[in-house]
Amino acid sequence: MAFLGVRHDEAVAKVAGWVRGRFREATQLSSVDLTRWSAWDITAGWIIPREPSGCLHLLLDRFFPYSEPIFCVTGSPALLQSPHIERGGKICVTGNTGRVDPDSPSVVVEELFSQVERLLEANAAGENDADFIDDFVAYWSRSVGDDKRLHTLFELRPPSRLVVTAYGHALTVVAENEQVARQFFRNYQGRAQGVSTQAACALWLNSLPAPAEYPSDVVGLRDLVEKCSDAGLAILDELLEEGHDKLHAVLMGPTKNGIGAAGGVVIDAVSDNRARRAIQDNLNRGFRRGHTPAQVMAQRYRLSRLSVNRIEQAKSRRPAYLSNELLTKTVCVIGCGSLGSGVAKLLLQSGVGSLKLIDPEVMTWANTERHELGAASVGKNKAQELANHFSRNYPLCGGVIAYKNQWQEVLRAEPEMFGKADLVLSTCANWNAECALNDAHRAGQFSGPVLYGWLEDYAIAGHALAIGGGGTCLRCGFSKTGEVLVPVSRSAPPHVPGCGGGASPYGAIDMAPTQAMIASLALDLLLGRASAPVYRVSISPKATFASADADYSFEWLSQYGEPPCGGTITAGFWRQNENCVCHS
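Residues numbered from 1 in each chain as written. Predicted model: local features only at pLDDT ≥ 70, side-chain atom pairs only at ≥ 80, totals over all residues. Heavy atoms only, no water.

### Here we look at the overall build of the protein chain
Across its full length, the protein chain carries 19 helices and 21 strands. Relative to its length of 584 residues, the protein chain is extended, with a C-alpha radius of gyration of 31 Å against a globular reference of 25 Å. Reported as C-alpha extents along the three principal axes, the dimensions of the protein chain are approximately 90 × 75 × 40 Å. Within the protein chain, the fraction of its 584 residues that count as buried is 48%. At a minimum sequence separation of 6, the contacts of the protein chain that also span at least 24 residues come to 65%. Here the protein chain displays about 28000 Å² of accessible surface, and carbon together with sulfur accounts for 50% of that area. (Helix = DSSP H or I, 4+ residues; strand = E, 2+ residues; numbered from the N terminus. Rg over C-alpha atoms; globule rule 2.2 N^0.38 Å. Buried < 20%, exposed > 50% of the residue type's maximum accessible area, 1.4 Å probe, protein only. Contact = heavy atoms within 4.5 Å. Areas by Shrake-Rupley, 256 points an atom, 1.4 Å probe, with all protein chains shown as cover.)

### What about the packing of helix 1 (residues 3–22) against helix 4 (residues 105–124)?
The geometry of helix 1 relative to helix 4 is characterised by a closest axis approach of 8 Å and an angle of 50° between their N-to-C directions. As far as their axial angle goes, helix 4 and helix 1 are oblique. The way helix 1 lies across helix 4 gives a crossing that is right-handed. Residue-level inspection shows Ala11, Lys14, Val15, Trp18 and Arg22 of helix 1 in contact with helix 4, the latter providing Pro105, Ser106, Val109, Glu110 and Phe113. Broken down by class, the residue content of the contact of helix 1 with helix 4 amounts to six nonpolar, one polar and three charged. (Axes fitted to C-alpha atoms, helices over the stretch in contact; angles between N-to-C directions. Parallel < 35°, antiparallel > 145°, perpendicular 65-115°, else oblique. Left-handed = near helix turned anticlockwise from the far one by under 90°. Nonpolar A, V, L, I, M, F, W, Y, C, P; charged D, E, K, R; others polar.)

### As for empty space enclosed by the protein
With the rule as written, the count across this model stands at one cavity of 30 Å³ or more. As a volume, the largest cavity reaches approximately 40 Å³. Lining the largest cavity we find Ala459, Ile460, Ala461, Gly462, Asp510, Pro513, Thr514, Ser538, Ile539 and Ser540. Listing elements by their share of the lining of the largest cavity, those giving two or more residues are strand 17 (461–467), helix 17 (508–526) and strand 19 (534–539). In terms of residue count, helix 17 provides more of the lining of the largest cavity than any other element does, three residues in total. Partitioned by chemical class, the residues of the lining of the largest cavity number five nonpolar, four polar and one charged. (1 Å grid on protein atoms, 1.4 Å probe; cavity = no way out; pocket = protein on both sides within 12 Å on 5 of 7 lines; lining within 4 Å. Points joined across faces, edges and corners; volume = space filled by probe spheres on them.)

### Brief notes about the packing of aromatic side chains
Taken as a whole and judged by the stated rule, the model has 21 aromatic pairs. Pairing Trp140 with Tyr214 gives two aromatic rings, centres 4.9 Å apart and planes at 65°, and the pair type is edge-to-face. One end of the pair, Trp140, is in helix 6 (residues 136–141); the other, Tyr214, is in the loop between strand 8 (196–204) and helix 8 (218–228), and 74 residues separate them in sequence. For the pair formed by Trp140 and Tyr214, the shared burial category is buried. Grouping aromatic residues by their ring pairs yields a cluster made of Trp431, Trp454, Phe478, Tyr535 and Trp574. The ring of Trp40 has Lys90 sitting right over it, with the charged end atom 5.4 Å from the ring centre. The ring of Phe554 carries Arg490 above its face, with NZ or CZ at 4.5 Å from the centroid. (Phe/Tyr/Trp six-rings, centres within 6.5 Å; stacked < 30°, edge-to-face > 60°. Lys NZ or Arg CZ within 6 Å of the ring centre and 35° of its normal.)

### Some remarks on the side chain of Ser391
Mapped onto the secondary structure, Ser391 falls in helix 13 (residues 382–393). Ignoring any residue separated from it by four or fewer positions in sequence, one finds Ser391 in contact with Asn187, Tyr188 and Val400.

### A few points about helix 1
If you check helix 1, its first and last C-alpha atoms are 29 Å apart, about what 20 residues at 1.5 Å a residue would give, namely 28 Å. All of the buried residues along helix 1 are His8, Ala11, Val12, Val15, Ala16, Trp18 and Val19. Along the axis of helix 1, the buried positions cluster into a sector of 160°, meaning they face one direction only. For helix 1, the exposed residues lying more than 90 degrees away from the buried face are Phe3, Arg20 and Gly21. (Expected span 1.5 Å × (residues − 1). Arc of directions from axis to C-beta.)

### Details of the pattern of salt bridges
By the definition in use, this model includes 22 salt bridges. In this structure, Arg490 engages Asp551 in a salt bridge whose closest nitrogen and oxygen atoms are separated by 3.9 Å. In this pair, Arg490 is assigned in strand 18 (residues 489–491) and Asp551 in strand 20 (residues 550–552), connecting sequence segments 61 residues apart. For the salt bridge of Arg529 with Asp524, the shortest nitrogen-to-oxygen distance reads 2.6 Å. Exposure remark for Arg529: the relative accessible area of 42% places this residue in the partly exposed category. When salt bridges with common partners are traced through the structure, they connect Glu155, Arg157, Arg161 and Glu176 into a single cluster. (Salt bridge = Lys/Arg side-chain N within 4 Å of Asp/Glu carboxyl O.)

### Describing unusual backbone geometry
Here the amide bond leading from Pro158 into Pro159 is cis, since omega sits at 5°, within 30 degrees of zero. Mapped onto the secondary structure, Pro159 falls in the loop between strand 5 (149–153) and strand 6 (161–167). Cis peptide bonds are those with omega within 30 degrees of zero, and the linkage from Ala532 to Pro533 qualifies with 0°. Positive phi values are uncommon outside glycine, yet His84 reaches one of about 70°. You can see His84 is positioned in the loop between helix 3 (77–80) and helix 4. The class of His84 is buried, set by a relative accessible area of 18%. One non-glycine residue, Asp549, lies in positive phi territory at about 55°. Of note, Asp549 is situated in the loop between helix 18 (542–547) and strand 20. Classification of Asp549 as exposed rests on a relative accessible area of 65%.

### Looking at the pairing of strand 14 (residues 399–403)
Among the five residues in strand 14, four count as buried, and that is most of the element. Summarising the sheet, strand 13 (residues 354–358) and strand 14 pair through five bridges and their orientation is parallel. Residue pairing across strands places Leu357 opposite Ala402, the latter belonging to strand 14. What joins strand 13 to strand 14 is helix 13, and the crossover it makes is right-handed. (Pairing = 2+ DSSP bridges. Right-handed = clockwise from strand over helix to strand, strands pointing away.)

### Considerations on the environment of Gly572
Tracing the backbone shows Gly572 in the segment after strand 21 (568–571). Since its relative accessible area comes to 15%, Gly572 is described here as buried. Between the alpha carbons of Gly572 and Asn367 there is a distance of 30 Å; along the sequence they are 205 residues apart.

### Digging into a nonpolar patch on the surface
A surface patch of nonpolar side chains, amounting to about 350 Å² of accessible area, comprises Phe3, Leu4 and Tyr66. Topologically, Phe3 is positioned in helix 1. (Patch = residues over 30% accessible without salt bridge, like charges linked within 9 Å, V, L, I, M, F, W, Y side chains within 5 Å.)

### Concerning the sheet that holds strand 8
Whenever strands of a sheet pair, they do so through backbone hydrogen bonds, lying parallel or antiparallel. Reading around the barrel, the seven strands line up as 5-7-6-8-9-10-11 and close back on themselves, with mixed pairing between neighbours. The average angle at which neighbouring strand axes cross in this sheet is 35°, direction not considered. Two elements, strand 6 and strand 8, share seven bridges in a ladder whose sense is antiparallel. Note that in strand 8 the partner of Arg161 across the bridge is Ala202. Each of strand 8, strand 9 (246–254), strand 10 (260–269) and strand 11 (301–310) is contacted by helix 8, which is oriented at about 60° to strand 11, the strand it contacts most.

The following block contains the structure:
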């Protein structure tokens with residue numbers, strides 16, 4: 001038998017001994033009994049009678065002792081509706097953060113059983129009732145089907161207000177307004193055509209309800225909103241009186257930790273598949289349409305609870321130092337190759353609002369293992385494919401626009417674009433193009449900083465250089481034909497057959513530190529935490545140099561000394577060169 005199977009059987013036997021010694025009245029579940037929990041992969045279980053009513057089920061899944069034992073409670077409906085009791089009566093003690101000692105399975109069960117007993121006693125005394133509010137989302141969604149979900153795209157904050165429901169191809173989203181909804185679908189679906197919108201409401205409750213207060217019909221919803229909201233009832237009634245066939249409302253309110261929570265409802269007419277006119281006649285019978293009182297309309301609608309998936313919550317995982325200010329920023333990215341595509345992705349994931357991607361080249365098979373794009377994009381323009389890919393996968397961004405031309409052509413066609421950008425980022429690895437960009441920048445064709453990023457051979461070192469409009473320039477650190485004056489490494493130049501010597505072999509992992517460094521400097525510039533000129537260098541561990549048959553250059557060693565054996569990111573010096581054209 002496999003090792004894990006043997007460990008499982010040994011652990012189950014130890015727990016069985018603990019149960020026999022602790023509870024004489026306990027009974028072991030048969031294989032037929034265990035099918036009740038087949039979705040949990042339960043392999044062993046026991047029934048433990050419990051006073052004053054009900055009993056506990058101790059269940060072990062097939063991963064035990066490398067998983068937590070499961071306790072379920074059965075008994076009165078009140079017991080099953082207590083805090084921290086999930087579907088099927090499962091008792092949630094440690095959430096999804098529990099850790100076990102696989103060498104002491106009976107000790108783990110004993111400790112968890114003690115916690116379960118304390119929890120149930122506290123529930124019976126009403127000590128955990130406040131948890132209904134703090135875990136409102138879980139309790140609201142507990143009896144809601146998996147198919148009854150509503151997606152939201154607005155902040156959970158007062159006051160109560162009108163919002164919109166937007167119906168896309170396969171997604172229903174309640175958004176702050178129509179503009180936000182259409183921008184989302186334009187990114188997510190690639191188009192906003194075919195998206196219909198309708199009024200909805202976001203109702204701020206000063207206190208969220210406990211399960212016993214959850215509304216089961218629209219009359220109950222009105223009562224709850226009237227009781228708990230300052231102005232929500234007027235907004236809800238306004239929509240009811242308009243006589244829509246279907247309405248969405250989102251109930252939101254504060255929790256103890258200060259984070260808002262939300263639950264959704266759908267209010268619709270009992271249609272029985274009747275025509276829309278028949279539905280309206282039923283809703284407004286006895287009154288002219290639009291004049292039926294909300295109290296009457298409430299009795300003619302039905303209500304269903306919906307769980308809420310908050311699209312905007314993606315922003316909550318960003319660290320605090322990534323300010324919302326980034327949402328207003330635009331970055332022009334020149335060069336959408338393996339290096340630039342990864343940097344662009346990091347900028348979007350960090351919250352940068354808009355990207356302008358510039359690259360005339362097409363995706364090739366040679367780059368599929370180190371580029372953000374894959375085989376499906378081979379033969380297609382990199383900038384356009386990246387724009388499509390990013391928009392679909394990061395639909396909260398303000399927009400990603402592609403330009404399938406050289407940057408010089410873009411500047412000629414839209415001379416104001418670079419000037420309006422908050423940062424111009426070049427990773428095109430083309431000396432001729434970047435030399436021209438540097439000179440145009442210095443000549444005042446556009447203002448603001450330009451950030452250059454490049455890799456050395458084999459990606460064993462990478463550079464990020466931010467240049468302002470005056471003083472030192474890109475060309476200060478290069479020869480007239482584009483060789484960097486102080487490289488980190490020296491090695492035999494890589495040669496790739498058929499590539500004309502213009503390619504360097506390196507992998508996605510090799511360049512990842514440089515991508516992160518360039519993106520980090522870009523954020524520092526956008527947020528005012530750094531100002532040009534600034535120069536940073538990423539250096540791989542010494543073992544990586546050895547594997548590439550490379551060493552540190554004499555120029556680097558004489559100016560900076562030997563880097564740490566494990567690699568580093570360091571601040572470099574980019575001084576104005578008296579022989580550079582910018583010095584004359």
